[in-house]
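Architecture and fold: a report
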Amino acid sequence: MSSNYADGLSPYEYKGKVGMKEVFDPPDVLQQKISLLSDWIKESKYTVFHTGAGISTSAGIPDFRGPKGVWTLEKEGKKPEISLDFNDAKPTLTHMAIKSMINKGYAKYVVTQNIDGLHLKSGLLRQYISEVHGNMFTMKCNKCKRSYVSKTAVKTVGQLCLNIKCIGKNKSGNQCRGVLYDTILDWEHQLPVEELELAELHSKMADLCICLGTSLQIQPINLVPFNAKKNKGKVVICNLQKTKCDRKADLVIHTYVDDLMLSLMNLLEVDIEKYEIITDPTNLNHQITDWTIYENDLKNIREMRKNAIQLKKRKKSEIKSLDQESENNLLSNNTILKPSKISKLSNIDNILK
């Protein structure tokens, strides 16, 4: 569980503001906000979800900075009472709703800070997610750099050696001689380059970023959703505590994320898919799932972003051209007096005086 994961991290004094009071919107206000968000999603061409620990609490996994969060209790010299193993945790209504929205085309991508693997377990495909802090159910080779899904939660955190031989093959068809490591970041680690780049690229293309269950305290990932602003997009935050980023958001919703997503899916008329163990890559009956981000994956998204920028520039140029044409037409349709006529009119004015 998350407290065991926390025990494996290096000592680190400042873990952000913890134990803040939970806030709930009045029912009528909440409904208005959800209705507005539903309209924004329908209008959006590129919605990206940003998820934090708050979307997994209903699965039995404690968050970190809530009233009963791991870091909150640690400050009091306590540990969470819940003892759910990561292997036993199942995706929540929110995880399944997000997957359903992606399958229906209402969302394009997910950026998650969560290491619990519940997005993966939901059946969300690799092409739709950046796991910026790692995943308890993935392993990465130190030689070929490929990643694979583990059938059970890894035993280490902090990108340590698992003493498992890489299961991949090299270009010659022989088994890779590398060793697998866990993918979980420790405090001093830099965010994985590929995961961060994809998170930023998708967020820059977004016209709507929805942050669910995150206090948005961890830098630099807390700033990534606001890349949508550069695209004249909107940012929505749903969290039970207030965040420092609330003032920059276009809409702030205070409620349980499962309640939000249930209402939202009803308004969008999208059925929430059920969790199926047969589509869970951690299912022991599955073959090993490749979880690698390949260079071609990055190239494709970079190209999409480049094309989007070029299209935006063309539209600006066309609008500017149309504005100039309209101005020219306006001038040509107005009567412009020649200097000689102006002089004659002045003389008439003098005579009338």
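See the structure above.
Here we summarise the structure given alongside this text. The model shown is predicted, which means the values in this text are computed figures rather than measured ones.

1. Observations concerning the environment of Gly233
Relative to the assigned elements, Gly233 resides in the loop between strand 8 (208-212) and strand 9 (234-238). Of the residues examined, Gly233 reaches a relative accessible area of 7% and is grouped as buried. Residues Gly233 and Asp250, 17 residues apart in the sequence, show an inter-C-alpha distance of 9.3 Å. Apart from the residues within four sequence positions on either side, Gly233 is in contact with Asp207, Ala228 and Asp250.

2. Section: helix 4 (residues 93-103)
With nine of eleven residues buried, helix 4 lies mostly within the body of the structure. Within helix 4, burial applies to Thr94, His95, Met96, Ala97, Ile98, Lys99, Ser100, Met101 and Ile102. Elements that come into contact with the buried residues of helix 4 comprise helix 2 (27-43), strand 1 (47-51), strand 2 (109-112), helix 5 (118-121), strand 8 and helix 7 (257-268). Trailing helix 4 by a residue or two, Gly105 shows a phi angle of about 85°, which is positive.

3. What to know about the sheet that holds strand 6 (residues 161-165)
Spatial ordering of the open sheet is given by 5-4-7-6, a layout of four strands whose pairing is antiparallel. Two strands bound the open sheet, and with one partner strand each, they are strand 5 (147-149) and strand 6. Looking at each pair of strands side by side, their axes are set apart by 35° on average, direction ignored. Of the pairings in the sheet, the one linking strand 4 (residues 138-141) to strand 7 (residues 179-182) comprises three bridges and is antiparallel in character. Across the sheet, residue Cys141 finds its bridge partner in strand 7, namely Leu180.

About the cut-offs
- Residues numbered from 1 in each chain as written.
- Predicted model: local features only at pLDDT ≥ 70, side-chain atom pairs only at ≥ 80, totals over all residues.
- Heavy atoms only, no water.
- Helix = DSSP H or I, 4+ residues; strand = E, 2+ residues; numbered from the N terminus.
- Buried < 20%, exposed > 50% of the residue type's maximum accessible area, 1.4 Å probe, protein only.
- Contact = heavy atoms within 4.5 Å.
- Pairing = 2+ DSSP bridges.
- Axes fitted to C-alpha atoms, helices over the stretch in contact; angles between N-to-C directions.

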